[in-house]
Amino acid sequence: MSFLNFEGKSYVVFGVANKKSVAAHVAGIIRAEGGEVIFSVQDEDKKKAVEKLFPGSTAYLCDVSSRKAVEQLAATIATKHPVIHGLVHSIAFAKYSDGMKAFHEVNKDDFLEAVDISCFSLVTIAGAFKDIIDTKGS
């Protein structure tokens, strides 16, 4: 039995950027403790990186800025995993349409997009997965 009680449970992890990312470390712990990790990534390059870091894992592409895409991801995952025991939201996004600038010089549209993707996506994800999250899940 695992100390964290992850054995035999399934978790969806959002936000693996590379092997040093928080999401990658959390996913590694879940797997080491006997849990199954399903990944959601932004693009094909991240999908390949996740599959290399975590051989045998499943990774799906999802644009978390799109409610429809997140709902479709939840429906797709539910076909193979009718119960999910937890979600890991470790998404960080920043767009520099005008190049790198000091924080106080960031344009408003880029800032609001960063907040939408990095923060509000948690609300979207929680809503889309609410019907398949275990009552004791988080």
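Residues numbered from 1 in each chain as written. Predicted model: local features only at pLDDT ≥ 70, side-chain atom pairs only at ≥ 80, totals over all residues. Heavy atoms only, no water.

**Some remarks on the pairing of strand β3 (residues 58-61)**
And then number 1: Looking at chain direction, strand β2 (residues 36-41) and β3 are connected through four bridges and run parallel. In the strand pairing of β3, Val41 is matched with Leu61.
And then number 2: Where the polypeptide runs from β2 across helix α2 (residues 44-53) and back to β3, its parallel neighbour, the crossover connection is right-handed. (Pairing = 2+ DSSP bridges. Helix = DSSP H or I, 4+ residues; strand = E, 2+ residues; numbered from the N terminus. Right-handed = clockwise from strand over helix to strand, strands pointing away.)

**A look at empty space enclosed by the protein**
Rolled over the atoms, a probe sized like a water molecule indicates the empty space that remains.
And then number 1: For the coordinates displayed, the defined rule picks out one cavity of 30 Å³ or more.
And then number 2: Space inside the largest cavity adds up to approximately 60 Å³.
And then number 3: The wall of the largest cavity is formed by Lys95, Tyr96, Asp98, Gly99, Lys101, Glu105, Val106, Asn107 and Asp110.
And then number 4: Of the residues belonging to the lining of the largest cavity, the class tally is two nonpolar, two polar and five charged. (1 Å grid on protein atoms, 1.4 Å probe; cavity = no way out; pocket = protein on both sides within 12 Å on 5 of 7 lines; lining within 4 Å. Points joined across faces, edges and corners; volume = space filled by probe spheres on them. Nonpolar A, V, L, I, M, F, W, Y, C, P; charged D, E, K, R; others polar.)

**Focus: unusual backbone geometry**
And then number 1: One non-glycine residue, Asn5, adopts positive backbone phi at about 60°.
And then number 2: You can see Asn5 is positioned in the segment before β1 (10-14).

**Digging into helix α3 (residues 67-80)**
And then number 1: Under the 1.5 Å per step criterion, the end-to-end length of α3 is 21 Å for 14 residues, consistent within 8% with the ideal 20 Å.
And then number 2: If you check which residues of α3 are buried, you get Val70, Leu73, Ala74 and Ile77. Projected down its long axis, α3 carries its buried residues within an arc of 100°, all on one side. Turned more than 90 degrees away from the buried face of α3 sit Lys68 and Thr79, all of them exposed.
And then number 3: For α3, the secondary structure elements touched by its buried residues are β1, β2, β3 and α4 (108-129). (Expected span 1.5 Å × (residues − 1). Buried < 20%, exposed > 50% of the residue type's maximum accessible area, 1.4 Å probe, protein only. Arc of directions from axis to C-beta. Contact = heavy atoms within 4.5 Å.)

**Structural notes on the layout of surface pockets**
And then number 1: Estimates place the volume of the largest pocket at around 360 Å³.
And then number 2: Looking at the largest pocket, it is lined by 18 residues, and the ones nearest its centre are Gly15, Gln42, Ile91, Ala92 and Ile117.
And then number 3: Considered as a void within the structure, the second largest pocket measures approximately 190 Å³ in volume.
And then number 4: Lining of the second largest pocket is provided by Lys9, Tyr11, His85, Gly86, Leu87, Val88, Asp134, Lys136, Gly137 and Ser138.

**Digging into the pattern of salt bridges**
And then number 1: Scanning the model with the defined rule gives two salt bridges in all.
And then number 2: For Lys47, the salt bridge goes to Glu51, with nearest N and O atoms at 3.3 Å. On the criterion of helical spacing, the pair formed by Lys47 and Glu51 is a turn pair, its members being four residues apart in helix α2.
And then number 3: By relative accessible area, which is 33% here, Glu51 ends up partly exposed.
And then number 4: Lys95 serves as the salt-bridge partner of Glu113, at 3.4 Å between the closest nitrogen and oxygen. Of this pair, Glu113 sits in helix α4 while Lys95 sits in the loop between β4 (86-89) and α4; the two residues are 18 residues apart in sequence, bridging distant segments of the chain.
And then number 5: The exposure class assigned to Lys95 is partly exposed, which follows from its relative accessible area of 37%. (Salt bridge = Lys/Arg side-chain N within 4 Å of Asp/Glu carboxyl O.)

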